Amino acid sequence: MASRQELSDFLAGVERRAFKHAMFALRDSDGALDVVQDAMLRLASRYGTRPAAELPMLFHRILQNAITDHFRRLRVRSLWTTPLSSLQNDQNGEQTESEALEALDVGSDADEPAGEVERAQLRTILDEEIARLPRRQREAFLLRYWEDLNVAETALAMGCSEGSVKTHCSRAAHALAEALAARGIER
Amino acid sequence: MNERELARIVRVALDESADRLPYRTTHRLEAARAAALAHARVEAAPRPAHEIVRVGYRPTAELAGGPAPRLGWRIAAIVVPIALVAAGLFGISVLETHQRADDLAELDAAMLADEVPISAYADRGFGVYLRNVSSQARGHEER
């Protein structure tokens, strides 16, 4: 059973990565923060007593559900707001897109040595390419290789079979490698 | 670049990226964590593993910390009002039917009890009707 300190440490360790997960899916920093807050609240209020080893899988399952819930709410809201939003000019849309990319590209190149500039560019390119992946491929890839969940845990977190996880991971890796190669990054 | 090598590159880049989030974001994340820990239920009994699939789809009342109502009460809360409304509508329908029948009976009685006005005898059609009625009555008597 996870103690309060273990739960706190887990949330502190995962919150920034969870925000990035939500940002990749939503491309809206306020929405991503709301989703992460909702996921943390659900985990703490319902599953805070589960063993510490189960927390990562549970949290990511909750996070994926919270993202899905957010998309559902957006879809319902868009039924009402689409006629109104069509009256706004395109400039607002461009600003929103650029704000989302700024939130993903969190590093600043100014006054940084050449190596650091190169790394900042790599981070930006990776953020963009990961955000372009299909949602399930991105989730599988990030859970396996960034969150270090094994195939079984990833399958539980995503609510799919282990075979699907392997397929999603493989496709995501190929797509990312091709995208990076196309942008001149091959190591 | 194989899958593992790519994963290593991505992991390093994403870790760096996550470490460089703006202060506004990290501050809000810390506040969200504090709020979540304030709602943490440390003494509650653990849930069975099969409930994992339902994560994230619990009623709001339980999220707020209150007890979830029993299934029987939830069903009763839906069925009882519907039954009351249906019974009310049925009662109104029966009353309306009776009221209408009473109105029609009253109207018929009033018409039958009323004397035929003088102007009716001046009407040609009424005269033809009377002749037909009286001839039919005679025919019945002769038989």
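Residues numbered from 1 in each chain as written. Chains lettered and ligands numbered in written order. Predicted model: local features only at pLDDT ≥ 70, side-chain atom pairs only at ≥ 80, totals over all residues. Heavy atoms only, no water.

Caption draft 1: Just the overall build of chain B, in detail. Helix and strand counts for chain B come out as six helices and zero strands. When the helices and strands of chain B are placed in sequence order, the string is α-α-α-α-α-α. Relative to its full complement of 143 residues, chain B shows a buried share of 20%. On chain B, roughly 11,100 Å² of surface is accessible, and the fraction owed to carbon and sulfur atoms is 61%. (Helix = DSSP H or I, 4+ residues; strand = E, 2+ residues; numbered from the N terminus. Buried < 20%, exposed > 50% of the residue type's maximum accessible area, 1.4 Å probe, protein only. Areas by Shrake-Rupley, 256 points an atom, 1.4 Å probe, with all protein chains shown as cover.)

Caption draft 2: Focus on the confidence of the model for chain B. Residue and element names in this part refer to chain B. Considering every residue of chain B, the mean pLDDT works out to 80; 80% of them sit at 70 or more. Contacts for the low-pLDDT stretch residues 61–65, under 50 throughout, to residues beyond four places or in other chains number seven contacts. The ipTM value of the predicted complex is 0.74, and its pTM value is 0.58. (pLDDT = per-residue confidence, 0-100. Contact = heavy atoms within 4.5 Å.)

Caption draft 3: Just unusual backbone geometry, in detail. Residues and elements named next belong to chain A. Residue R27 is not a glycine yet carries a positive backbone phi of 55°. Within the element layout of this structure, R27 appears in the loop between helix 1 (4–26) and helix 2 (29–47). Phi at D148 is positive, roughly 65°, even though this residue is not glycine. Among the secondary structure elements, D148 is positioned in the loop between helix 6 (135–145) and helix 7 (151–158).

Caption draft 4: Up close: the side chain of R144(A). Considering the arrangement of structural elements, one finds R144(A) in helix 6. When its relative accessible area of 15% is taken as the criterion, R144(A) is described as buried.

Caption draft 5: A look at the environment of S161(A). In this structure, S161(A) sits in the loop between helix 7 and helix 8 (162–182). Sequence separation between S161(A) and V151(A) is 10 residues; the distance between their C-alpha atoms is 9.1 Å.

Caption draft 6: Spatial organisation of the packing of helix 2 of chain A against helix 2 (residues 23–38) of chain B. Relative orientation of the contacting elements helix 2 of chain A and helix 2 of chain B amounts to 25°, with a least axis distance of 8 Å. If you check the angle between helix 2 of chain A and helix 2 of chain B, you find them roughly parallel. Of the two elements, helix 2 of chain A crosses helix 2 of chain B, and the hand of that crossing is right-handed. Along the contact surface, helix 2 of chain A presents S29(A), D30(A), L33(A), D34(A), V36(A), Q37(A), M40(A), L41(A) and A44(A), while helix 2 of chain B presents R24(B), T25(B), R28(B), L29(B), A32(B), R33(B), A35(B), A36(B) and L37(B). Of the residues assigned to the contact of helix 2 of chain A with helix 2 of chain B, the class counts are 10 nonpolar, three polar and five charged. (Axes fitted to C-alpha atoms, helices over the stretch in contact; angles between N-to-C directions. Parallel < 35°, antiparallel > 145°, perpendicular 65-115°, else oblique. Left-handed = near helix turned anticlockwise from the far one by under 90°. Nonpolar A, V, L, I, M, F, W, Y, C, P; charged D, E, K, R; others polar.)

Caption draft 7: The arrangement of the packing of helix 1 of chain A against helix 2 of chain B in detail. Across the interface, helix 1 of chain A lies against helix 2 of chain B with an axial gap of 10 Å and an inter-helix angle of 145°. For helix 1 of chain A against helix 2 of chain B, the interelement crossing comes out right-handed. Residues R4(A), L7(A), S8(A), L11(A), A12(A), E15(A), R16(A) and F19(A) of helix 1 of chain A form the contact with helix 2 of chain B, whose participating residues are T25(B), T26(B), L29(B), E30(B), R33(B), A36(B), L37(B) and A38(B).

Caption draft 8: Looking closely at the confidence of the model for chain A. Residue and element names in this part refer to chain A. On average, residues of chain A score 82 in pLDDT, and 81% of them reach the 70 mark or higher. Of all secondary-structure elements in chain A, the lowest mean pLDDT belongs to helix 4 (residues 90–104), at 50, while helix 6 reaches the highest, 92. Predicted confidence is poor over residues 93–98, with pLDDT under 50, and the contacts of this stretch with residues over four places away or in other chains come to one contact. When the criterion is pLDDT under 50, residues 106–110 qualifies, and its contacts beyond four places in sequence or with other chains add up to seven contacts.

Caption draft 9: Highlighting the pattern of salt bridges. Summed over the entire model, instances satisfying the criterion amount to 19 salt bridges over all chains. Note that E16(B) is salt-bridged to R119(A), the shortest N-O span being 3.0 Å. Placement of the pair is E16(B) in helix 1 (residues 3–19) and R119(A) in helix 5 (residues 114–132), with the two residues belonging to separate chains. Residue classification places R119(A) among the partly exposed residues on the basis of a relative accessible area of 24%. (Salt bridge = Lys/Arg side-chain N within 4 Å of Asp/Glu carboxyl O.)

Caption draft 10: Local environment of helix 8 of chain A. Residues and elements named next belong to chain A. Between its first and last C-alpha atoms helix 8 spans 30 Å; for 21 residues at 1.5 Å apiece the expected length is 30 Å, and the two agree. The set of residues buried in helix 8 consists of V165, H168, C169, A172, A173, L176, A179 and L180. The buried residues of helix 8 occupy an angular sector of 135° when projected down its axis, which confines them to one face. In helix 8, the exposed residues that point more than 90 degrees away from the buried face are K166, R171, H174, E178 and A182. In the segment just after helix 8, G184 is the residue with positive phi, at about 85°. (Expected span 1.5 Å × (residues − 1). Arc of directions from axis to C-beta.)

Caption draft 11: Quick look at the nonpolar core. Residues L11(A), L43(A), F59(A) and F141(A) are the most contacted members of the largest nonpolar core, which totals 66 residues. No other element matches helix 1 of chain A, which puts 11 residues into this core. Sequence-distant contacts of L11(A), that is, excluding residues within four places in its chain, are made with M40(A), L43(A), F59(A), R33(B), A36(B) and L37(B). (Core = buried A, V, L, I, M, F, W, Y, C linked by side-chain atoms within 4.5 Å.)

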